[in-house]
Structure formats: C-alpha cells, structure tokens
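# Residue-level structural notes
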Amino acid sequence: MKVDYIIVGLGLAGLAFAEELIQAKKTFLVFEDASQTSSLVAGGVYNPVVLRKFTAVWKAAEQLDLAIPFYERLEQKLNIKFDEKFVIKRAFKSVEEQNNWFAASDNLVLKRFLNPAIENKKVPGVIGDFGFGTVNETGRIDTLKLVKAYRNFLMDEKCIRFEKFEHLKLKVSAEKITYKEIECKQVVFCEGFGIKGNPFFKDLPLEEAKGELLTIHAPELNIDFLLKSALFLIPLGDNRYKVGATFNHVDKTATPSEKGKLELVDKLKKVINVPYEIIDQTAGIRPTTNDRRPFIGQHKEHNRLAVLNGLGTRGVMLAPTMARNLFNCIEKDIALDLEIDIKRFQ
Ligand SMILES: Cc1cc2nc3c(=O)[nH]c(=O)nc-3n(C[C@H](O)[C@H](O)[C@H](O)COP(=O)(O)OP(=O)(O)OC[C@H]3O[C@@H](n4cnc5c(N)ncnc54)[C@H](O)[C@@H]3O)c2cc1C
C-alpha cells in the first residue's frame, strides 16, 4: 500500500493535520490506539485572553481567525454542530482587578476581545461582590463529539486503523519510509503525551499536566455564559456545567481521582452557593511544554519524520494554525517560526 503520509494519533493535532492533507489532495493513513484522552475530555474552550493576568494569548487573533472558520467548515462537512458560542464572564476579586481590567481593555490587541464595562448586576447562585468583565469571541468546541465524528468519517474513507503504531517497525531512508506493508513519504507524529514512547522525539522536553473535570447538574443555576472565578464553569445546557480544571504534574495516569474531585468540590464552594449533583468526572494528560510554545518540526536527522505536539492547555485554538505551519514547512519549504520549531532544542 502506498500513501503520501502516515499520521500517528487522532486527537485535535492529528485531525487538524489530516484536514490540511485533504485540502491539498494528499493521501494518508492514520493510526490511533486510544492510549491518550486529552482531546476527548478537554473543556474545549477557545478564549483569546489569559484571564489570570488580563493579557492576550500568544498570537491570539491570528489563531482565532484561522480556527473559527476551520471548525465552521468541519461542522458543515461532518453535518454536526459542535461549536457553542458564548461569552466568558470573569468574576473580579477586588476593586484593583476591576481597574486592571479597564486598563487592559484599552490595549491595542485586547480591545477587540475585552468589554471595558464592569457588570455589577448579581447573578443568582454565583458568589461575587466585585462584578464581572466580559470577553467576546469565545465559546466551546465539543471536542468529544468532533473527534468521534471525525474518526467515523476517516473510517468511512478507509484511512484510519485503530491500532498502536509500533515505532520500531519503521524503516526510514532518504527516498522513502516503510512501515509494515505501507510505503509513504512522510510520517507526522501527533501523539500528545504518547510522545514519551516515541524513540525519535521522546527527548523533547514535554511537561505533561494531568487535568480533571467534573460535570455537575445544578437545577437552580441558570447561566448561559462561561463563568471564570476560582475555576471555570462551562455551560452545557439543561442546568449542566463542566467544572475545572485541575493541574497535576506528578500523576501520569489519565484516570479520574478522588483527590482531583475533592480539589474541584472545594474550589466550587467559593464559586456557587446553590445545590448541585456530580454526574461525571473525566481526566486526561495535557501535552504542555516548558516554554509554553508547541513542538513543531522535522527530525534533525530524518526529515521525513515530523512532530505536531505540545498544544498544552489551548489545543482548540492552536491546532489549525500549527497544522498549517507544519504542512507549509514540509510541502512548501516555508521556515517555521523559531518560537515553535523543535530546532530550539536540537
Ligand atoms: C482536563 C482538560 C481540560 C482541557 N481543557 C481545554 C480547553 O478548555 N481548551 C483547549 O483548547 N484545550 C484544553 N485542553 C487541552 C487539549 O485537550 C489539548 O491541547 C489537546 O487535546 C492536545 O491534542 P493532541 O492531539 O496533541 O493530543 P491527544 O489528544 O493526546 O491526542 C493524541 C492521540 O494520539 C494517540 N496515540 C498516541 N500514541 C500512539 C501510538 N503509538 N499509536 C497510535 N496512536 C497513538 C492517542 O491515543 C491520542 O488519541 C484540556 C485538557 C485537559 C486534559
């Protein structure tokens, strides 16, 4: 069997790269072994603002301008809805924070996203004495729905195999790559935390961070915006909310824990004052990096092997831009921005 590309891993990174290949009419085969869950459990929020510091996310406008039409196109292609648009309301802890917000909303990059007005109206069920600031152009991609639908689409197209990719069976030469009975020109590894088992890229300094989320049902809470306070409350409809998320750099398992649950329950006490029931708990490992920039690029000795990883806490916004950059680098020889190029570690 001959294809142009093999993609290893079908989370947000693999999916975005597959879309680049389809648009360029390249053939490919994906391997997916269900070893990681990050893209399946993600909150899925896209938000151009760092809500802790009131600063802009790195290249926020550029990423958003590519990501929103990207997901819109996918909704049409897969004939499902997975992009829920809403605003984010940041609960202030002090008058000082209100002032900082007002100042930030005048910033050249942030003024597109931040509403300068401070909203002082109380929200039933929500704790907060200092009002809220609103972020526009935000929302949530239901990543579970998207990834599942995309995997089904690839199954119909007969270009995905649900099996582990065994790196040691890969034969790389200057002219081509062979893997079992498959011949291809390029392999792109989109393995998330699974990169730790990849002999070609395992030394990249991935600083994984386990994250856990609860889904709650709070019958007396009725908000249609994302609330950012001591934690996030993401509206799912029907008085259900995703609550999160934890950060744990020690536990490397993707299984929900009692510790994670207690941490979220404890923080939730500072956010809402209405009864709720926990209806679900999920966990996954975010592929985060020490310098908060993705890992994109080609292997220093085998340029037929490439990596698309390190999407960290913002895979939804980053994946389409990073996939485009990697594709342009491989196919059009367009140099990668040094900030994201894995050459910075070689
Ligand atoms: C609790 C939590 C909340 C989050 N919230 C948000 C959020 O609100 N917004 C946001 O933008 N981001 C969020 N993220 C981060 C986001 O999930 C990640 O940035 C993104 O999912 C990373 O995608 P990926 O494709 O690189 O990795 P993954 O999703 O981990 O995908 C890698 C895939 O490769 C497969 N794989 C690995 N090795 C092999 C192999 N050898 N053979 C075959 N298949 C293999 C795995 O099974 C997996 O499916 C959150 C993450 C967590 C854990």
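First, a word on what this report is: a plain description of the structure on this page. (Residues numbered from 1 in each chain as written. Predicted model: local features only at pLDDT ≥ 70, side-chain atom pairs only at ≥ 80, totals over all residues. Heavy atoms only, no water.)

## Quick look at the site of the ligand
As a reminder, the rule being used: Here a residue is near a molecule or strand as soon as one of its heavy atoms is found within 4 Å of it. The term polar contact refers here to a pair of N or O atoms within 3.5 Å; inside protein, the definition further demands a hydrogen-donor-capable atom paired with an acceptor-capable atom, and it admits residues adjacent in sequence only when both atoms are side-chain atoms. In short, Shrake-Rupley with a 1.4 Å probe defines the accessible areas, and a residue's cover is counted only from the protein chains shown. Secondary structure elements are defined from DSSP: runs of H or I of at least 4 residues count as helices, runs of E of at least 2 residues count as strands, and each element is numbered from the N terminus. Side-chain classes follow a simple rule in which Ala, Val, Leu, Ile, Met, Phe, Trp, Tyr, Cys and Pro form the nonpolar group, Asp, Glu, Lys and Arg form the charged group, and the remainder, Gly included, forms the polar group. For the domain bounds, the source is a domain assignment made automatically or taken from a database.
Around the ligand, a shell composed of 38 residues is seen, among which E32, S39, V45, F165 and G312 lie nearest. One of the backbone nitrogen or oxygen atoms of Q36 is found 3.1 Å away from an oxygen atom of the ligand. The protein chains hide 96% of the 1,000 Å² of surface that the ligand would expose on its own. When residues of the shell around the ligand are traced back to their parent elements, those giving at least two are α1 (12-23), α2 (38-41), β14 (209-217), β18 (277-286) and α7 (315-332). When residues of the shell around the ligand are assigned to their parent elements, the largest contribution, three residues, is made by β14. Classifying every residue of the shell around the ligand gives 14 nonpolar, 15 polar and nine charged. The two domains that each donate at least three residues to the shell around the ligand are domain 1 (5-42 + 145-206 + 290-345) and domain 2 (84-139 + 207-286).

## Some points on the sheet that holds strand β11 (residues 177-179)
The test is simple: Here a strand pair is declared whenever DSSP counts at least two bridges between the two strands. The axes used here are C-alpha line fits, helices contributing only the stretch in contact, and every angle between their N-to-C directions lies in the interval 0 to 180 degrees.
One open sheet holds the three strands; their spatial order is β10-β11-β12, and the pairing between them is antiparallel. On the outer flanks of this sheet lie β10 (170-172) and β12 (182-184), each paired with one strand and no other. Across the sheet, the mean angle from the axis of one strand to that of its neighbour is 20 degrees, orientation sign disregarded. Of the strand pairs in this sheet, β11 and β12 are connected by three bridges, and their pairing is antiparallel.

## What about the pattern of salt bridges?
What counts here: Between Lys or Arg on one side and Asp or Glu on the other, a salt bridge is scored when a side-chain nitrogen of the former is within 4 Å of a carboxyl oxygen of the latter. Type-normalised accessible area, obtained with a 1.4 Å probe on protein chains alone, sets the label of each residue: buried when under 20%, exposed when over 50%, and partly exposed for intermediate values.
Evaluated as defined, the whole model comprises 30 salt bridges. A salt bridge links K77 to E19; its shortest N-O distance comes to 2.6 Å. Of this pair, K77 sits in helix α3 (residues 60-78) while E19 sits in helix α1; the two residues are 58 residues apart in sequence, bridging distant segments of the chain. The residue K26 makes a salt bridge to E331 at a minimum N-O spacing of 3.2 Å. In this pair, K26 is assigned in the loop between α1 and β2 (28-31) and E331 in helix α7, connecting sequence segments 305 residues apart. For K26, a relative accessible area of 26% gives the class partly exposed.

## Quick look at the side chain of E19
Rules: Only heavy atoms matter for contacts: two residues are in contact if any of them lie within 4.5 Å across the pair.
With a relative accessible area of 7%, E19 lands in the buried category. The residues contacting E19, other than those within four sequence positions of it, are F70, L74, K77 and Y150.

## Thoughts on the nonpolar core
The cut-off we apply is this: For the purposes of this section, nonpolar cores are sets of buried Ala, Val, Leu, Ile, Met, Phe, Trp, Tyr and Cys residues that join through side-chain atoms within 4.5 Å.
Core analysis: the biggest nonpolar cluster contains 66 residues, and F17, Y71 and L308 have the highest contact counts within it. When residues in this core are grouped by element, the largest group, 10 residues, is from α7. Both domain 1 (5-42 + 145-206 + 290-345) and domain 2 (84-139 + 207-286) contribute no fewer than three residues apiece to this core. Discounting residues that sit within four places of it in the chain, Y71 has contacts with L12, F82, I141, L146, G315, V316 and P320.

## Brief notes about the environment of R240
The residue R240 is located in strand β17 (residues 240-244) in this model. Residue R240 is classed as partly exposed on the basis of its relative accessible area of 29%. Once the C-alpha coordinates of R240 and K176 are considered, the two residues, 64 residues apart in sequence, prove to be 51 Å apart. If sequence neighbours within four positions are ignored, R240 has contacts with I216, H217, I234, P235 and I279.

## Regarding the sheet that holds strand β20 (residues 305-309)
In space, the six strands of this open sheet follow the order β9-β2-β1-β13-β20-β19, with mixed pairing throughout. Each edge of the open sheet carries a strand with a single partner, namely β9 (160-161) and β19 (295-298). Two elements, β19 and β20, share four bridges in a ladder whose sense is antiparallel. Bridge pairing in β20 places I296 opposite L308. Along the sheet, α1 makes contact with β1 (5-8), β2, β13 (186-189) and β20, crossing β1 at roughly 165 degrees.

Nothing here speaks to function; it is geometry throughout.
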